[in-house]
Structure formats: C-alpha cells, structure tokens
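Summary of the model geometry
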Amino acid sequence: MEDILEHSSLPTHLAFIMDGNGRWAQKRGLPRIAGHQRGVRAAKIVLQSAMKYRIKYITLYAFSTENFNRPQSEVTFLMNLFRRSIKKYFKFFTKNDVKFRAIGDTSKLPDDLQQAILKLQQKTADASSLVVNVALNYGARDEIVHAVQQLLDSKKDHVSWQDIRDNLYTASTPDPDMIVRTSGEYRLSNFLLLQAAYSELYFLKTYWPDVTEQTFIDIIQEFQKRDRRMGRI
Ligand code: IPE
Ligand code: IPE
Ligand code: MG
C-alpha cells in the first residue's frame with residue numbers, strides 16, 4: 001500500500017477520538033478495563049503506522065475533562081494504565097525520535113502520572129520525526145478558559161486569533177487535517193473545537209481496539225478523496 005505515499009496530499013496532522021473500548025470488551029463478555037488495555041495496543045499501531053506513512057503529527061484523545069465523572073474504579077484504572085503505558089513505551093519514543101506531549105490540564109492528574117509525563121516530555125523534547133500529543137484531562141472549553149486567563153494575565157488590550165492560538169494547549173501544532181472518531185458515535189465530545197474549524201471529519205464504526213494498519217491506510221485514502229475548499233470555490 002505504498003501508493004498512498006505517492007499521492008500529493010498526505011495529511012500533516014491526524015487526530016483521533018479513541019472511542020469504543022468499553023463496548024469492545026462488553027461484546028466479548030470482558031470487563032471494560034480489558035478494552036482500555038487493548039486500546040493502548042491500537043494506539044501503538046497508529047503511531048507505528050504514522051511513522052511508516054510519514055505523518056508528522058498525531059493527536060490522541062485519551063481522557064476528557066468529563067471522563068472524571070466515570071466510576072472512581074475506572075478512573076483509577078485508566079490513570080494507572082496511562083502511567084504504566086508511558087513507562088512501557090518510553091523506549092519506543094526515544095528510539096524512534098518521537099516527541100511526546102500531553103495536552104490538557106495535567107495538574108489535576110495523579111502526581112506519579114504527572115512525573116512520568118514530565119520525564120517523557122523532557123527526554124523527547126528535541127525529537128522531530130513524529131510529534132504525538134496525548135490529550136489527558138483535555139477539554140476544549142477548559143482550553144479556551146485557560147487561554148483567555150493567560151491573555152488577561154498578560155494584560156493585552158487587543159487580542160488577535162494568533163494570540164488565542166498561541167495560548168491553546170496545542171500552540172505549536174498545526175490544526176488537524178482530519179479528525180477521526182471510532183465506535184460509530186457522531187460527535188466531537190469537547191475535542192479540539194477551535195482547531196477543528198476546517199478539519200475533515202471521519203466517523204468509523206470500528207471500535208478503537210480493532211483499529212489496525214489497514215484502518216490507518218483507509219483513513220489516509222478517505223482523506224485523499226476529500227476536496228478541502230476552505231471557503232473558496
Ligand atoms: C474510549 O472508550 C476511552 C476513554 C474515553 C477513556 P470508552 O471507554 O468511551 O468506550 P465506550 O464508548 O464506553 O465503548
Ligand atoms: C470521548 O469519548 C473521550 C475520549 C475518547 C477520551 P467519550 O466516550 O467520553 O465520549 P461520549 O461521552 O460518548 O460523548
Ligand atoms: Mg465512549
């Protein structure tokens with residue numbers, strides 16, 4: 001499937017709403033947490049595919065501000081899974097020149113997870129083959145509030161779009177060319193609302209743990225069929 005690489009339009013940035021872990025597990029009579037475990041594997045496949053097909057930026061929605069409203073046991077499991085996954089894939093990032101960044105209000109995450117995030121961010125700060133943003137306690141509305149507060153603190157009396165952009169969690173990342181949501185839900189669930197202004201949207205029936213390299217190829221082929229007019233004719 002090398003032909004997708006020869007096509008003139010490869011997306012620069014793909015963002016994923018990794019949904020359907022719970023239903024993937026329930027369908028198999030497994031606890032929801034088994035779906036989250038398999039979800040980490042799917043995320044790794046996506047990152048490997050991104051390297052193979054030369055996509056520069058990947059953003060993964062792993063935990064929303066609203067996900068704190070889930071049962072305590074699931075939240076705790078997820079926080080531990082994130083910490084363990086950062087440890088498990090530490091070498092994957094450093095060896096492959098992949099830059100890791102957490103986006104969202106990470107100050108509300110458990111201390112040990114915050115430390116793991118900081119360590120991986122520091123170790124991969126200069127990596128540039130692929131940039132991976134992982135949205136952890138991310139909410140677009142929280143991001144907007146955070147940006148406005150920073151602008152107020154800076155005492156600016158005139159604000160441009162560039163100023164707002166520079167104060168979003170995604171400041172140094174170009175807007176996503178395409179946002180992909182798995183699991184057959186057709187909504188953004190507070191993900192990248194401002195950055196999505198001109199993103200292509202793609203909704204797949206596949207549950208997140210079932211995502212493969214072929215899914216990734218299908219996504220790029222779908223992107224290559226889209227006509228992005230950006231307001232022009
Ligand atoms: C997405 O899968 C992962 C997170 C939100 C952490 P879900 O846990 O939302 O799975 P479903 O939607 O209940 O199937
Ligand atoms: C969106 O999925 C958040 C993540 C994938 C991390 P949810 O499962 O939380 O979204 P809703 O509740 O179905 O809108
Ligand atoms: Mg869900």
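This text goes with the structure placed above it.
Summary of the structure given here. (Residues numbered from 1 in each chain as written. Chains lettered and ligands numbered in written order. Predicted model: local features only at pLDDT ≥ 70, side-chain atom pairs only at ≥ 80, totals over all residues. Heavy atoms only, no water.)

The parallel open sheet is built from six strands, whose spatial order is β3-β4-β2-β1-β5-β6. In this open sheet, the two strands that pair with only one neighbour each are β3 (98-103) and β6 (200-203). Put simply, the sheet's adjacent strands are angled 20° from each other on average, direction ignored. As defined by bridge partners, strand β1 (residues 13-17) adjoins strand β2 (residues 57-64) across five bridges and the pair is classed as parallel. Residue pairing for β2: H13 is matched across the bridge by Y57. Strands in contact with helix α4 (residues 72-88) are β2, β3 and β4 (130-138); relative to β2, the strand with the most contacts, it is inclined by about 150°. (Pairing = 2+ DSSP bridges. Helix = DSSP H or I, 4+ residues; strand = E, 2+ residues; numbered from the N terminus. Axes fitted to C-alpha atoms, helices over the stretch in contact; angles between N-to-C directions. Contact = heavy atoms within 4.5 Å.)

Another aspect to go through is α4. Residues spaced three or four apart along an α-helix face the same direction, because each turn holds 3.6 residues. A rise of 1.5 Å per residue sets the reference length of α4, with its 17 residues, at 24 Å; its end C-alpha atoms lie 24 Å apart and thus fit the reference within 8%. Tucked into the core, α4 has its buried residues touching α3 (32-52), β2, α5 (90-95), β3, α6 (111-123) and β4. (Expected span 1.5 Å × (residues − 1).)

Further remarks concern the pattern of salt bridges. Applying the stated criterion across every chain yields a total of 18 salt bridges. Linking R32 and E74 is a salt bridge whose minimum nitrogen-to-oxygen distance equals 2.8 Å. With R32 in helix α3 and E74 in helix α4, this residue pair connects regions lying 42 residues apart in the sequence. Two residues, K156 and D163, come together in a salt bridge whose shortest N-O distance is 3.7 Å. For K156, a relative accessible area of 43% translates into the label partly exposed. Residue D163 is classed as buried on the basis of its relative accessible area of 16%. Linked through salt bridges whose partners overlap, the residues forming this network are D177, E200, E222, K225, R226 and R228. (Salt bridge = Lys/Arg side-chain N within 4 Å of Asp/Glu carboxyl O. Buried < 20%, exposed > 50% of the residue type's maximum accessible area, 1.4 Å probe, protein only.)

For the rest of this paragraph, the subject is the packing of α3 against α4. Viewed as axis vectors pointing N to C, α3 and α4 meet at an angle of 25°, and their least axial separation amounts to 11 Å. With respect to each other, α3 and α4 are oriented roughly parallel. By crossing handedness, the relation of α3 to α4 is classed as right-handed. Seen from α3, the contacting residues are R32, I33, H36, Q37 and V40; seen from α4, they are E74, F77, L78, L81, R84 and S85. Residues of the contact of α3 with α4, tallied by class, amount to five nonpolar, three polar and three charged. (Parallel < 35°, antiparallel > 145°, perpendicular 65-115°, else oblique. Left-handed = near helix turned anticlockwise from the far one by under 90°. Nonpolar A, V, L, I, M, F, W, Y, C, P; charged D, E, K, R; others polar.)

Purely geometric numbers; function is a separate question.
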